[in-house]
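Reading the structure
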Amino acid sequence: MLLTGATKTLRGMAGVLLCGALAVACSRSPDPREAERAVQRFFAALPAGDCAVLQPMLANAESGEQCRKIVDELNAHGVRLVGIQGAQVDGRDRTALIVTTEVEQDGKRRAQ
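Report on the accompanying structure. Throughout this document, residue positions are counted from 1 along each chain, in the order its sequence is written. In view of the model being predicted, local features appear only for residues whose pLDDT reaches at least 70, and side-chain atom pairs are presented and counted only at 80 or more, with totals across whole chains, interfaces and linings using the full set of residues. Processing note: side-chain calculations cover all non-hydrogen atoms of the structure and skip hydrogens and water entirely.

**Looking at the overall build of the chain**
When its secondary structure is counted, the chain shows four helices and three strands. N-terminal to C-terminal, the α/β element order of the chain is α-α-α-α-β-β-β. Taking all 112 residues of the chain together, the buried fraction comes to 38%. When contacts within the chain are restricted to residue pairs at least 6 apart in sequence, those whose partners lie at least 24 apart make up 53%. Using a 1.4 Å probe, the Shrake-Rupley method yields the accessible areas, and only the shown protein chains count as cover for residues. By element, 50% of the accessible surface of the chain is carried by carbon and sulfur atoms, the whole surface being about 6,200 Å². Only DSSP runs of H or I with at least four residues qualify as helices, and only runs of E with at least two residues qualify as strands; both kinds are numbered from the N terminus onward. Under the scheme applied here, a residue whose accessible area is under 20% of the maximum for its type counts as buried, over 50% as exposed, and between as partly exposed, the area being computed with a 1.4 Å probe on protein chains only. Contact definition: two residues touch when any of their heavy atoms are within 4.5 Å.

In structure tokens:
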């Protein structure tokens with residue numbers, strides 16, 4: 001599913017970040033530093049549109065074409081990582097981590 005609009009783009013980032021955190025926490029105790037590094041890898045690959053790195057972290061990108069569309073939308077809105085505020089175990093699933101970040105979109109900063 002392609003996200004449309006600036007608001008949906010930022011809302012979608014929460015799912016992207018959670019997906020990245022889940023990817024590193026599969027069958028063992030989750031490591032907050034590893035989840036934070038996954039988020040950093042995602043945002044480092046975003047400006048170049050590196051779907052080889054990004055697609056596995058995008059829950060709604062089943063193909064390279066879908067990845068490119070999502071990444072183009074994120075880049076069109078200037079989505080970038082400002083900082084990572086921390087990572088904690090998701091209260092609903094002990095094997096999942098939620099990484100709290102500050103992101104910039106369309107020149108405005110928001111905590112995610």
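From this point on, the discussion continues.
**Looking at the environment of alanine 87**
Relative to the assigned elements, alanine 87 resides in strand 1 (residues 80-90). Along the backbone, alanine 87 and glutamate 34 are 53 residues apart, and their C-alpha atoms lie at a distance of 9.6 Å. Every residue in contact with alanine 87, bar those within four places of it in the chain, is listed here: Pro32, Glu36, Ile98 and Val99.

**Section: helix 2 (residues 32-45)**
Over its 14 residues, helix 2 runs 20 Å from end to end, which matches the ideal 20 Å to within 8%, given 1.5 Å per residue. Listing the buried residues of helix 2 in full gives Ala35, Ala38, Val39, Phe42, Phe43 and Ala45. Backbone nitrogen of arginine 33 and a side-chain oxygen of the N-cap are separated by 3.0 Å at the start of helix 2; the cap is aspartate 31. Helix span, as expected, comes to 1.5 Å for every residue beyond the first. Each polar contact in these results corresponds to two N or O atoms within 3.5 Å; when the atoms are within protein, one needs to be able to donate a hydrogen and the other to accept it, and residues that are neighboring in sequence are counted only if both atoms are side-chain atoms.

**Quick look at the nonpolar core**
Buried Ala, Val, Leu, Ile, Met, Phe, Trp, Tyr and Cys residues form a nonpolar core when they are joined through side-chain atoms within 4.5 Å. With 20 residues, the main nonpolar core has Phe42, Phe43, Leu46, Leu54, Leu58, Cys67 and Val71 as its most contacted residues. Mapped onto this core, the elements with two or more residues apiece are helix 2, helix 3 (51-54), helix 4 (64-76) and strand 2 (93-105). If one sorts the elements of this core by residue count, helix 2 sits on top with five residues.

**Overview of the pattern of salt bridges**
A pairing counts as a salt bridge when a side-chain nitrogen of Lys or Arg comes within 4 Å of a carboxyl oxygen of Asp or Glu. Using the criterion set out here, one finds five salt bridges in the structure. In this structure, the salt-bridge partner of arginine 80 is glutamate 104, at a minimum N-O distance of 3.2 Å. Here glutamate 104 lies in strand 2 and arginine 80 lies in strand 1, a separation of 24 residues in the sequence. Judged by its relative accessible area of 37%, arginine 80 is partly exposed. The class for glutamate 104 is buried, based on a relative accessible area of 17%. Note that arginine 92 is salt-bridged to aspartate 90, the shortest N-O span being 2.9 Å. Taking relative accessible area as the criterion, arginine 92 reaches 70% and is therefore assigned exposed.

**A short note on the packing of aromatic side chains**
Centre distance within 6.5 Å is the pairing criterion for rings of Phe, Tyr and Trp, where only the six-membered ring of Trp is used; planes under 30 degrees apart are then read as stacked, over 60 as edge-to-face, and the remainder as tilted. Applying the stated criterion to the full structure yields one aromatic pair. A ring pair is formed by phenylalanine 42 and phenylalanine 43, whose centres lie 5.3 Å apart and whose planes are at 85 degrees; its orientation type is edge-to-face. Phenylalanine 43 sits in the buried class, given a relative accessible area of 7%.

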